[in-house]
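Structural characterization, general
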Amino acid sequence: MATARPCGVYSVRYAQEVAVLRTRWQRVGFAALLVAVLAGPPLAFGSHLLSVLILSGITIVVMQGLNLLLGYCGQISLGQAAFMAVGAYTSANLVDRLALPFPLALLAAGLAASLIGLLVGLPALRVKGFYLAVTTLAAHSIIIWAALHGGNLTGTIYGLPVPPASVGPWTLDTDARYYVFTAIVVVLLTWFAKNLERTHAGRALVAVRDNDIAAETMGVNVFAYKLLAFFLCSFYAGVGGAMWAHYSRSIHPDQFPFIDSVWYLGFLVVGGMGSVLGPVFGSLLWRGLREVVAALVPMAAAAMPGFAGTLYSGLSLMLFALVIMASLILEPRGLNHRWQLLKASWRLWPFSH
Amino acid sequence: MLRSRARPGAWEEKVREGRADDVAVFCYTSGTTGRPKAAMLSHRTLLAVARAWMEADGVAPFEDYVSYVAPAWVTEQFLGLALGLVAPLAVNFPESPETLPQDLREIGPARVFYGARLWENLAAQIEVRIAETAPWKRRVYRAALGAGRRVVEAAERGDRPSAGLRLAHAVADALVLRPLRDRVGLARLRSGYTAGAAIAPDTMRFFHAHGVRLKNIYGSTEAGMVAMHRDGHIRYETVGPAFPGCEIRIAEDGEILVRSPMVFAGYYNDPEATRARFRDGWYATGDAGRLGDDGHLVYWDRVSELLELPDGTRFSPQHIEVRLRFSPYVKDVMVVGGRPRPFVAALVVIDGDTVGKWAEQARIPYTTYVDLSQKPEVRALIHGEVERVNRALPVAARIRRVVVLHKEFDADEAELTRTRKLRRGSLEERYRELLDAVYGGADRVGVSAAVVYRDGRQGVVAADIFIDDMVDDVTAVRAVARER
C-alpha cells in the first residue's frame, strides 16, 4: 500500500528516494522505539514477562524465516519446528564439545539447518501446495527420528543438556541478559528481511510467488529462488532453534512438536503474510494467547478435575484454531493489513481519502 | 560559451555593459480592454520590486516556491524571476496541471501564488473532502474550524483572543488544522498570494481560519507592485497597505494614482499611449478604489467597468460577482445592470460537480447539466446564495432577477479570457435575447442547448430556462412551490 509522505518531504538524491526512514521524526521515533525495545523490558519487567518476551522473540525469528518462504516466495513448509531442532542440536554440540563461541555456533546452527532445508526444498521444483506440505511433513518425521536415534550427539530419548550461552565476556545466564541478546538478534534478522524485500532477490521471490511461469519467462531462475527461499527460511529456523536450546538449557525431541509448525504457519497468516511486521504481530499474538491459556487452566481444572492433565493442550488447540478461523473470516489479509489501514487513516486525517 | 572561450572575459564584458535602466523584459498587457501592448520593464524596476518584496514579507533565502503562473504574466516576472533570483527562492514547477495538488503536497512550498479561482477551488475541495468523511470527523473539524474562525474574527476586531480561546485554538491547530494543511500541501506555507480584489473576503477568512496566511496583492504590468497585505494586519476587504517605496493617491473621480520606482518605462513603440497613462508624474491605473484611514487600499473595479444605476448609485459588477462566486455551487456569474437598465440582474453558472453531488444527496434526479440547472430545488439553492450576497449590498445595488444558465461560460467561444475573466462585451452580445427577456419582465425564455449525453452522444435540446425574481427570499421560495 502506497503510504503518503508528509507535506514537504521530497527527494533530491536517489539515496533519499530509497530510504526507509525519511523524516527527522521517523528517525527520532525509530531510535526511541529501538531503545525502548532493547532497554525497557529488562528494567521494567520481572522474569516471567521477560521469559514470555524472549520466547516471543525466538518465535519472531522463526516466523520471519517462514514468512520469507511462504509470504514472499509462496512455498509452503511444515518443517519449521524440525529445522529448529537441527539448529538446536548443532549449536548445543558445537558449544559443548568444541567449545565454539556462542555467536559462531549460532551462525553454524543456522547454516546446518539451511543445508537440510535446501535438501527438503529440492522437491519444490516439481511439487506444489499440498504435496509440498506433505514432503516437508516427511522431513519433519525424518529429522525427529534422527534426533531420537542420534546416539551421543542427540542424547536420544534422554535429551541433551545445553551449556549456557556466553557472548565475549558476558554469560547470558539471566533473563535480562538473554532478553537483550534475543532482541538484538530479532532486530538484525528483521532488518535483513526488510531489506531483502527491497532488493532484486526480494522482487524475484515475489515474482515466483505471484506467477512462477511468468517469472520464468522474465528470466527469473525459479528453482534457484525457491531454493534460496528454503535456505533462508531454515536458516532463520536454525538460529531460532539454537536460541531456544541455550535458553531452555536442555533439549529433547519433544520440544519440537509437529503442531508448532502448524501454529507458526497459522499465526503467520493471522499476523499477515508478505510483510515484515506480520510475523511480529503473529508471534506476539500467539505467545500472548499461550499465556492466556496458561492463566485459564487452573480455573478450568478446578471446574473439571477429571481432565486436569489434558486441559492445557486441549484449550490451546481450541483457542488457537478459533483465532485462526476468526482471522480468516474477518481479516484474511492479517493484522498487518489492519495496521496499514490505521496508518493510512492517520495520514489522511482529517480527510477520509 | 564557445565564443567566450575564444575571447576570454567577453561574457563579463557583456554583463558590465548592461545598465539598470535597460529593458529587462517586454510584458504584454492581458488585453481585457483591447489589443495587447508591450510594456517595457527595466532591470531597475524588477530589482526594486524584488527588494521591496523581501522587506515587506520577510522572504528568507532558498525558500521553496511553486510556480503556477505563466511567465508571460508580470506576476511571475516579479515573483518567480526577480524575487526568485534576488532572494533567491528555490523555484519549483508542477509536473502538469493535473498533478498540481500532489506536487504541491510533495514540495510543501513556503510561498505560492494562485489566482483567485484556484484558491476558491481549493476551498471547495476542502469542503467536499470534509463532507465525505464520517460524521464524527466532521464534528471535530467543525469545532476546530470554529476555534480558527473565532481567532480570525478577534483579530479582525483588533482584539486579543482570550486565554481560553488561544488554548482551544492551539489544540485545534495541533489536532486538526495542521494535519489538514499538511494534506493539502500548505503545511510549510509562509505566504499564499492572490492578486487584485478578485478573491472574496469569505474565501480569505476561510483560509485564515485554517491557518493559511493568504495575502492579497495589488499591482499591474504598468504600475508594478502597489499594495500587499502584511502579516498581522490583514483586512479582508482590502488589498493591503502600500508596497514599500510606492506612493498611492486617489484622484477626484476615484481613480488610483501611483508613483514609485516600480512603475514601467513605457509601452514599446507607443509613446502616445504611454503619455496618456501619466498625470503630473503619477501613473493612472485606470482602477477605481479608496484609501482607508488605516492606510489600506480598497480596490473596486476598473473605472470603465463601474456602472451607474438610475438613482445615481455607482456599483461594481465584479465586486458582486466575486462575492457570489464564493459559493461552492457557483462556478461563474455575470452581473449586469446600470443605465439604462433599471435594476441589477445576475446570470449564474452552476458548478456541475458540486451541485450534482448536492442533488444526489438531496435525492433530486436529473439527467443533463441543462436539466440540473433548471430544477426548482437547484434554483432555490442558488437564490439562497444570491440572498446571502444581497444582504451585504446597498439596496439599490441588490440583484433583482436571477437566471441560472443552462451552460457554462466557455473560453473557446470567447466568453472568457484564457485566465477565466469574463469578456463582458461578447457575453452581452451572446445573451442579448436572454437579457432582453430579463428586463422585459418575462419569466422564462426558450433556448436550444448543445448537450453531451453520458454515452458520449451529442445532441441539441430545446429547453426553457427560468428567470426568477429576487424581491426577497420568501417570494422566491413561493415561486418554486408554485411550479411544483
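Residues numbered from 1 in each chain as written. Chains lettered and ligands numbered in written order. Predicted model: local features only at pLDDT ≥ 70, side-chain atom pairs only at ≥ 80, totals over all residues.

Scanning chain B from terminus to terminus reveals 17 helices and 21 strands. In summary, chain B has a C-alpha radius of gyration of 24 Å against a globular reference of 23 Å for 484 residues, a match within 12%. Its C-alpha atoms give chain B principal-axis dimensions of about 85 × 55 × 50 Å. For chain B, the share of sequence-separated contacts (at least 6 apart) that also reach a separation of at least 24 residues comes to 59%. (Helix = DSSP H or I, 4+ residues; strand = E, 2+ residues; numbered from the N terminus. Rg over C-alpha atoms; globule rule 2.2 N^0.38 Å. Contact = placed C-beta atoms within 7 Å.)

Looking now at the sheet that holds strand β4 (residues 90-92) of chain B. All names here are of chain B. The mixed open sheet is built from six strands, whose spatial order is β4-β3-β5-β6-β7-β8. A strand with exactly one partner marks an edge of an open sheet, and here the two such strands are β4 and β8 (224-228). The sheet shows a mean angle of 25° between the axes of neighbouring strands, taken without regard to direction. As judged from the four bridges shared by strand β7 (residues 214-220) and β8, these two strands associate in the antiparallel manner. Bridge assignment links Ser220 to a residue of β8, and that residue is Gly224. Helix α3 (residues 43-57) contacts β6 (191-195) and β8 of the sheet and is inclined by roughly 15° relative to β8. (Pairing = 2+ DSSP bridges. Axes fitted to C-alpha atoms, helices over the stretch in contact; angles between N-to-C directions.)

Take the sheet that holds strand β11 (residues 266-267) of chain B next. All names here are of chain B. Taking strand neighbours across the sheet as the criterion, the three strands line up as β1-β2-β11 in an open arrangement whose pairing is antiparallel. In the strand order of this sheet, the two ends are held by β1 (23-28) and β11, each with one partner. By the bridge criterion, two bridges tie strand β2 (residues 38-42) to β11 in an arrangement that is antiparallel. Along β11, the bridge assignment pairs Ala39 with Tyr267. Across the sheet, α3 is in contact with β1 and β2; its angle to β2 comes to roughly 70°.

Structurally, Gly71 of chain A can be placed in helix α3 (residues 47-72). Filtering out sequence-adjacent residues up to four positions away, Gly71 of chain A remains in contact with Leu268, Met273, Gly274 and Gly278 of chain A.

Glancing now at the interface of chain A and chain B. Listed as interface residues are nine residues of chain A and, on the opposing side, 19 residues of chain B. Here the side of chain A that touches chain B is built from residues that sort into seven nonpolar, two polar and no charged. (Nonpolar A, V, L, I, M, F, W, Y, C, P; charged D, E, K, R; others polar.)

So, about helix α5 (residues 100-107) of chain B. Along α5 of chain B, the residues that are buried comprise Asp103, Leu104, Arg105, Glu106 and Ile107 of chain B. The inward-facing, buried residues of α5 of chain B contact β3 (64-66) and β4 of chain B. (Buried ≥ 20, exposed ≤ 12 C-beta atoms within 10 Å, placed from the backbone.)

Counting 93 residues, the largest nonpolar core has Val61, Ala85, Ala229 and Val239 of chain A as its most contacted members. By residue number, the principal contributor to this core is helix α10 (residues 222-248) of chain A, which donates 17 residues. Non-local contacts of Ala229 of chain A, meaning those with residues more than four positions away in its chain, are made with Leu68, Leu69, Tyr72, Cys73, Gln75 and Leu205 of chain A. Counting residues in each nonpolar core, the second largest holds 81 residues, with Ile126, Met204, Ala209 and Val322 of chain B among its members. (Core = buried A, V, L, I, M, F, W, Y, C linked by C-beta atoms within 7 Å.)

The extent of an interface is frequently quoted as the accessible surface area lost upon association of the parts. All names here are of chain B. Domain parsing of chain B yields domain 1 (14-305) and domain 2 (306-483). Here domain 1 and domain 2 have C-alpha centroids that lie 29 Å from each other. With 19 residues of domain 1 at the contact, the number on the domain 2 side is 15 residues. Sorting the residues of the side of domain 1 that touches domain 2 by element identifies α6 (116-131), α9 (201-209) and β14 (297-302) as the ones contributing at least two each. Residue contributions to the side of domain 1 that touches domain 2 peak at five residues, all from α6. Partitioning the side of domain 1 that touches domain 2 into residue classes produces nine nonpolar, four polar and six charged. (Domains from an automatic or database assignment.)

It is worth spelling out the packing of helix α12 (residues 277-303) of chain A against helix α13 (residues 311-330) of chain A at this point. Residue and element names in this part refer to chain A. Following both chains from N to C, one finds α12 and α13 inclined at 135°, their axes separated by 9 Å at the closest point. Comparing the axis directions of α12 and α13 gives the class oblique. The handedness of the crossing between α12 and α13 is right-handed. On the side of α12, the interface is formed by Leu289, Arg290, Val293, Leu296, Val297, Ala300 and Ala301, while α13 contributes Leu311, Tyr312, Leu315, Ser316, Leu319, Phe320 and Val323. Partitioned by chemical class, the residues of the contact of α12 with α13 number 12 nonpolar, one polar and one charged. (Parallel < 35°, antiparallel > 145°, perpendicular 65-115°, else oblique. Left-handed = near helix turned anticlockwise from the far one by under 90°.)

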